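Structural overview for review
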Amino acid sequence: WETYILIMETLEGNQVGAPRMFESENKTLTKEGILHFLELYETKHLPNSLGFSEFVIGPLMDALSESSLYSRTPGQSIGDCPPLGMRLQKFLATYFTLLPEEEKGSFLLKFIQKMTSRHWCAVPILFLSMALASIPSCKVLGAEGLHALRDVLQCTMITHQILLRGAAQCYLLQTTMHLTDVEKVSFPEVSSFLLSLRPEESLRRDTLLWTELCSWLQVNDRCFRKSVTSDLERENCFMPDWFEAKLVSTMILLAADVDGKSNIEWIELEAFLNPLLDVLMKLGSNAYIPTLKTDKSLQLLLKLLQTRSLKCSNTQDDEVLFFIWKSLVTPVESILEFVLRRLTANELSTVGDLDRCDVYLALIPEMVNLCLKVNWKKMPSIKNFLSSLVNASIHNLQERNSEKEPKVKEQIRKVASMASLAAVCEIMAGKLEVHLEPLPSVDALKKFISFSQFNEVLKKPSYTEEKNSLGEETTSQGWGKIVARYVRDQWICLHFVLNSFAASAQGYEVMSLSTVERSKEILQSALEALSILPSDQVLPVFDCMKVLVPKLLDSSEGLCIEAFDLAWKIISSLSNTQLIFWANLKAFVQFIFDTEVLAVAASVKGQAYTKIKEIIFKLIDLSTTKTGVFNVVLSHCCQSWIFPTVDERSALTNAFLNAGNYSELITEACVFGTVFRRDQRHIQDVHAFIEDIGEKCAANVVTESPNRDDHYVRICAVKFLCLLDGSNILHKMFMEDIFIKLLDKDEEVSRSRTRYYANSLQHRIKNRVWQTLLVLLPKLNQNFLCGTLDRVFLAGFSNNQASVKYFIEWIVILSLHKYPQFLDKFWDCFCYDEENLKKSICTFLSVLAHFDIILQNTSEKKPALKKALIVVLQWCFSHNFSVRLYALVALKKIWGMCRMLHVEEFDALTPVIESSLQQVENMHGTGNAKRNWQRIQDHFFFAIFHPVEDYSLETIFYTLPRLSELAEDEWISLSKFDRFTDIPLPAAFQWCQSRAELRDLKPSDWSQQDMGSHSAEADSQPEWTDVQKKIIPWKNSTPSLDLETAFQDRAAKLGKSNSRLIVVASLIDKPTNLGGLCRTSEIFGASALVVGSLHYIQDKQFQHLSVSAEQWLPLVEVKPSQLVDYLQQKKTEGYTIIGVEQTAKSFDLTEYCFPEKSLLLLGNEHEGIPANLIHHLDVCVEIPQQGIIRSLNVHVSGALLIWEYTRQQICTSSAEPPGKPA
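All of these numbers come straight from a predicted model, not from anything done at the bench.

The number of helices and strands found in the protein is 53 helices and 7 strands. Taken over 1222 residues, the protein has a buried fraction of 53%. Put simply, of all contacts in the protein between residues at least 6 apart along the chain, 78% involve residues at least 24 apart.

Evaluation of the coordinates by the stated rule reveals 40 salt bridges. Residue Asp737 is joined to Lys741 by a salt bridge in which the shortest nitrogen-to-oxygen separation is 3.0 Å. A residue pair is termed a helical-turn pair when its members lie 3 or 4 positions apart in one helix, as Asp737 and Lys741 do in helix H33 (residues 729-752) at 4 residues. By relative accessible area, which is 26% here, Asp737 ends up partly exposed. Note that Lys1131 and Asp1178 form a salt bridge whose closest N and O atoms lie 3.6 Å from each other. Within this pair, whereas Lys1131 is found in helix H51 (residues 1123-1132), its partner Asp1178 is found in the loop between helix H52 (1171-1174) and strand S7 (1179-1182), the two being separated by 47 residues in sequence.

The subject of this paragraph is the pairing of S7. Note that strand S4 (residues 1136-1140) and S7 share 3 bridges and pair parallel. Of the residues in S7, the one forming a bridge with Ile1138 is Val1179. Here strand S5 (residues 1147-1148) runs beside S7; their pairing, made up of 2 bridges, is parallel. Residue pairing for S7: Phe1147 is matched across the bridge by Val1181.

Before going further, it helps to spend a moment on the confidence of the model for the protein. In low-pLDDT regions, the fine details of the predicted coordinates are not to be read closely. Residues at a pLDDT of 70 or more form 84% of the protein, whose mean pLDDT is 80. Predicted confidence for residues 12-19 stays below pLDDT 50, and this span has 16 contacts to residues more than four positions away or in other chains.

What follows concerns the packing of H33 against helix H35 (residues 782-796). The description of two helices packed together rests on the angle between their axes and the distance between the axes. Orientation of H33 relative to H35, taken along the N-to-C sense of each, is 15°, at an axis distance of 11 Å. By the angle class used here, H33 and H35 are roughly parallel. Seen from above, H33 lies across H35 with left-handed handedness. Within the contact between the two elements, H33 uses Glu736, Phe739, Ile740, Leu743, Asp744, Asp746 and Glu747 and H35 uses Phe784, Thr788, Arg791 and Ala795.

The next point concerns the packing of aromatic side chains. Scanning all chains against the criterion turns up 43 aromatic pairs. Centroid distance Tyr712 to Phe980: 5.6 Å. Interplanar angle 25°. Geometry classified as stacked. In this pair, Tyr712 sits in helix H32 (residues 711-722) while Phe980 sits in the loop between helix H46 (974-979) and helix H47 (996-999), placing the two residues 268 residues apart along the sequence. By relative accessible area, which is 4% here, Tyr712 ends up buried.

If you walk across this open sheet you meet the 7 strands as S3-S2-S1-S6-S4-S7-S5, and the pairing is parallel. A single partner strand is all that each edge strand has here, and the edge strands are strand S3 (1115-1117) and S5. Packed onto the sheet, helix H49 (residues 1071-1083) meets strand S1 (1061-1065), strand S2 (1088-1091) and S3 and runs at close to 165° relative to S2.

The subject of this paragraph is the nonpolar core. The nonpolar side chains of a soluble globular protein tend to be buried with one another. Grouped together as the largest cluster of nonpolar side chains are 348 residues, with contacts concentrated most on Phe588, Phe720, Trp770, Phe826, Leu848 and Phe851. Of all the elements, helix H20 (residues 479-503) adds the most residues to this core, at 14 residues. If we ignore the near neighbours within four places in the chain, the residues touching Phe588 are Phe542, Phe564, Ala567, Trp568, Ile571, Ile615 and Leu619. Within the second largest apolar cluster, 27 residues are counted, among which are Leu1074, Val1181, Leu1201 and Ile1202.

For helix H36 (residues 802-818), with 17 residues, the first-to-last C-alpha span of 24 Å sits near the 24 Å given by 1.5 Å per residue. When you tally the buried positions in H36, you get 16 out of 17 residues, the bulk of the element.

Between helix H34 (residues 761-776) and H36, the shortest axis-to-axis distance is 9 Å and the interhelical angle comes to 20°. In terms of orientation, H34 and H36 fall into the roughly parallel class. Along this stretch, H34 crosses H36, giving a crossing that reads as left-handed. Between H34 and H36, the residues in contact are His763, Lys766, Asn767, Trp770, Gln771, Leu773 and Leu774 and Ser803, Val804, Phe807, Ile808, Trp810, Ile811 and Leu814, respectively. For the contact of H34 with H36, the residue count by class is 9 nonpolar, 4 polar and 1 charged.

This part is about helix H13 (residues 291-306). Three or four residues apart is the spacing at which side chains of an α-helix point the same way, because the helix has 3.6 residues per turn. An ideal rise of 1.5 Å per residue puts 22 Å on 16 residues; H13 measures up with 22 Å between its terminal C-alpha atoms. Among all positions in H13, only Leu292, Thr294, Asp295, Ser297, Leu298, Gln299, Leu300, Leu301, Leu302, Leu304 and Leu305 are buried.

Turning to a nonpolar patch on the surface, a few remarks are in order. A surface patch of nonpolar side chains, about 220 Å² in accessible area, is lined by Leu1192, Val1196 and Leu1200. With respect to the element layout, Leu1200 can be found in helix H53 (residues 1194-1211). Taking the relative accessible area as the measure of exposure, Leu1200 reaches 35% and is therefore partly exposed.

With that settled, the discussion passes to the pairing of strand S6 (residues 1158-1161). Side-chain alternation along S6 places Ser1158 and Leu1160 on one buried face and Leu1159 and Leu1161 on a second face that is also buried. Both S4 and S6 contribute to a ladder of 4 bridges, which runs parallel. The residue of S6 that forms the bridge with Ile1138 is Leu1160.

A word on the environment of Ile894. As for its position among the elements, Ile894 is in helix H41 (residues 881-901). Note on Ile894: relative accessible area 0%, which makes it buried. Once residues within four sequence positions are removed from consideration, Ile894 is found in contact with Leu848, Phe851, Leu865, Ala868, Leu869 and Val872.

Let's shift gears to the side chain of Ser417. Mapping Ser417 onto the fold places it in helix H18 (residues 408-430). The contact partners of Ser417, leaving out residues within four places of it in the chain, are Ser393, Asn396 and Leu397.

This brings us to unusual backbone geometry. Phi at Asn759 takes a positive value of approximately 65°, unusual for a residue other than glycine. The topology assignment puts Asn759 in the loop between H33 and H34. In this model, Glu965 sits at a positive phi of 60°, which is unusual for a non-glycine residue. You can see Glu965 is positioned in the loop between helix H45 (953-963) and H46.

This brings us to the environment of Ala943. Along the chain, Ala943 falls in helix H44 (residues 940-943). Sequence-wise, Ala943 and Leu998 are 55 residues apart; in three dimensions their C-alpha atoms are separated by 9.8 Å. Dropping the residues within four chain positions of it, Ala943 is found in contact with Gln937 and Asp938.

Moving on: the environment of Val541. Among the structural elements, Val541 can be located in helix H22 (residues 539-552). In sequence terms Val541 and Leu530 are 11 residues apart; their C-alpha atoms lie 7.2 Å from each other. When neighbours within four sequence positions are excluded, Val541 is seen to be in contact with Trp491, Ala526, Ala529, Leu530 and Leu533.

What counts, and where the lines are drawn
The numbering scheme is per chain: residues are counted from 1 as the chain's sequence reads. For a predicted model such as this one, the threshold for reporting local features is a pLDDT of at least 70, and the threshold for listing and counting side-chain atom pairs is 80 or more; totals across whole chains, interfaces and linings nevertheless cover every residue. To obtain the side-chain values, all non-hydrogen atoms of the structure were included, while hydrogens and water were left out. Only runs of H or I of at least four residues qualify as helices and only runs of E of at least two qualify as strands under DSSP, and these elements are numbered from the N terminus. Relative accessible area decides the class of each residue, using a 1.4 Å probe on protein chains only: under 20% of the type maximum gives buried, over 50% gives exposed, and in between gives partly exposed. The contact criterion used throughout is that any non-hydrogen atoms of two residues lie within 4.5 Å. The working definition used for a salt bridge is a side-chain nitrogen of Lys or Arg within 4 Å of a carboxyl oxygen of Asp or Glu. Only strands that DSSP links by at least two bridges are regarded as paired with each other. One number per residue, pLDDT, summarises how confident the predictor is, and it ranges from 0 to 100. Lines are fitted to the C-alpha atoms to define the axes, a helix being fitted only along its stretch in contact, and any angle between axes, read from their N-to-C directions, falls within 0 to 180 degrees. For this classification, under 35 degrees means roughly parallel, over 145 means roughly antiparallel, 65 to 115 means roughly perpendicular, and everything else is oblique. Each helix crossing is assigned a hand: it is left-handed if the near helix lies turned anticlockwise from the far helix by less than a right angle, otherwise right-handed if that turn is clockwise. Think of it this way: a Phe, Tyr or Trp ring, Trp meaning its six-membered ring, pairs with another when their centres are within 6.5 Å, and the plane angle makes it stacked under 30 degrees, edge-to-face over 60, tilted otherwise. Remark: nonpolar core denotes a set of buried residues (Ala, Val, Leu, Ile, Met, Phe, Trp, Tyr, Cys) joined through side-chain atoms within 4.5 Å. A helix's residues, less one, multiplied by 1.5 Å, set its expected span. Charged means Asp, Glu, Lys or Arg here, nonpolar means Ala, Val, Leu, Ile, Met, Phe, Trp, Tyr, Cys or Pro, and polar covers whatever is left, Gly included. Only residues above 30% relative accessible area that lack a salt bridge enter a patch, with like-charged residues linked at up to 9 Å and the nonpolar side chains Val, Leu, Ile, Met, Phe, Trp and Tyr linked at up to 5 Å. Computed by Shrake-Rupley with a 1.4 Å probe, the accessible areas treat only the displayed protein chains as cover when residues are assessed.

The following block contains the structure:
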């Protein structure tokens, strides 16, 4: 702990006290402090006190609100729990257990309330919720605690990270079950809390969490505090809140599941449902049931019908749901009769009634679904209902207002009628098995929509005669929203009609929509609709444009481009709105990238074709800032190109032609992915951690993965390529085009930056290029590969990072393995000019290290071996040590093959080669040569990796990137390929997993080096690196002795004493301190002042403090990087190296006697003397202190030691033996 405080003081330059030890601006320091603190408490069990609790809830929790503290440590794998998360769980459980019983409740309540007192991010809320859930079960929370937990739940809703939000909700529910005292809370309070959990994110049937909740309710049944019943609600004209419907439906399902599905008391469940069924049965016949009662009954009915089973795709397999549905199918006729009456018989008369209209319309598809699943015999009733609804709605819409000022009632009736027609159209489009098309009313609907005016708006009614309608003026729905809804419903109907005409040729002569002129008119209306409708209402307009644009691209290209531009404008303006953006983007993509739209645009090759390509790159650009956009585009295109659906109406041959016409989409997808910011990587890490928990966290089961991870773009592209068939001419041409485009991309990156950093964007793009080329390689034929292999070899001559080199080498090995006839091209690579080979020869030697694989398919191996041996032997004599190592590895492999084949021609070489190899194997000494020879042989690429047997998606995208130490966010695990289900892998696809031997390997400390200009023999580090040999500049200029003589001569001329003190201030970087030291050194007669740069003497601050001392004192420039050599040189000249530093073995200044030849090394203002220099010191001296502040200014420290040296050497005649303590 003292060490931590000392580090913090050193880094911050200030003293640190306990209250601010977690307030450092340095997040790494804060994280270390918190981890040390939690560990200290866990191991030492500090005494509990009120002050300590306040510290935990105050400064500690404030510090814990920082998301970046919950990051993984470098040694952890993706998906591991961050250290702070684990430590926090242990700490909270331990601390809570040791608290006195009477304090537990109040501490926990304050802790939870603190979680609601500020805007917490998703990550801290998640890990604090996990820590709370890990506390051992204890009944300490009452109603106030339950309310506080509900407030925390509300805090989780702020984040857009759905999985993290859902996981936090799961852990907060577990906290409630573990820590709530059920005798202090009522069941309504618990049920109200449960309703705060979102079923689509956390609490849903068929999850372990639901089962755990059922068990908890069963154990605590009858233990809850009695609740006081509230007064009955007063009847009013507004729709009741949905809270009760959600509550009752959830409680019915919980009650049914608490008893267990196998032993359900059906009679009790029926008793739950009977009050609802009674009301529903009377709806059709009894017109006097209170509106509030009908509203609540239908809300509850809708919630029950919308419940779906997670595990059972067939409702009949879920006994509870099937029983409920079977009970609810009985009153279907009564419900339909009631809904028909309400929607068509002028009973909806106020703006508030539109909420009821929504409930009625939402019920219709659920009733259709119910009859389809449970009782087909009810379908005639459904058809009669829909026919009557369509006819009545058309009649209402055709009525003309007799008065100038329309009344509210009349306009509301029209809105409800248009909404009813839209609902019927959506049912007919989605539920084809209902067979509604033959009904006469459907023809009437088509005729009505075909001849109606588009974008018809309803005039705002006069409210003067409606004043008696309660609260109508304060309604939340403005008239603009109502009109927008009315227009949107028109477009829903029009989309259904356009689709039905496109699907069948019938009625084209009759209906006016079939003509090009009419289509053009509708598209113009669509553009008008896009400009007047709110952004969340434009989906049906996009759907209509998808049908219209292909027909008009030939004749009205300008109008179609206008449609593209306006649609893009809407999408780009929505990019910051999370709720409606994704639905609109999906509709936009389905419109622009519709199979027929793409095909027609590509066949014309006009402006529309160019515009679509422009939109592709705009979407890719948008995806770099809004993750997931490219995923939607690519998934849609890949599915429609490789699996065209029945209704894809392309009259232009094969849908796959689009893939070739828009191949940029796949090319960009193969290399897609930005370098994420640290905070983005952090969120991805936490996501991976939650996903790895599996079904224990219900959020993993319940939340639908939107596949917005950037990895899924590349996964989608790779799976798409895996599905292609080399024997299909279209597929073959497409793959060859992609192969060429990817090679172009690699060359483009190489040209843009000859040298690039590891894990930079350039490195990642090149890596992705070669990964994709590897996937394509087995599907390419000999003729094509013959023409492109030269470009692959050429890439081997480029400067590349190790991971890219491995992929290039792998492709070369596999190409030569499949087509050994290309070996002559390969041998030509060794004939390039020496300058090129010097940088890249190791790449081609690595290929030869796998020569046994290359020659597997060759019957005549001897000529190839002879050529290989000749090539390799000449490189065994290279000046460069690393090249010799690679050549020896290849020689060992090739010579082993020669011996197995007993090649007589090489008998003369046998003694030389074998003695050379034996000499390398038995190398003596502990130098780098022996160590590096062992390392390169043990390296995965030469020892374990098998180019043919290890060919798999896992090796290409996960194992090899991991072993070549690529950044973790470039590793794509096989589980991600499995999780992405939009595109399946071929049924016969075998290349998935790496071999276990390779998969279990850890990264080696050898990395491939191709820079032939440096020798590994000079390497003195424990790792394989190129080390630049430092020169000592003053050795190449004035010799040291001459320099010393020059100083002495100058001092003699100035009449000064000949001091032997050298003051070294190279580590000091503040001109004021250097100026002061220069003045002090000159005054006390130091022989020289050594500085890091002579430029400092030009600084005004330096000159202000030195007052011209630099003109009378010898100054020497020694850069900090040259200090080690300088100190060693001075030691050989007899100087004692003295450091001014506080260490465990430092001498007190008052007790130390300076030798005559003393070199005084002063540390940096903030960091002192670095550890690598302390080893070169002969002694450390510290200045005794009496005060609180720990250190003096470096100039002051230096001045004190210079004076003490001067005092001992000049002023005192009786000095002690030099270098010894007094």
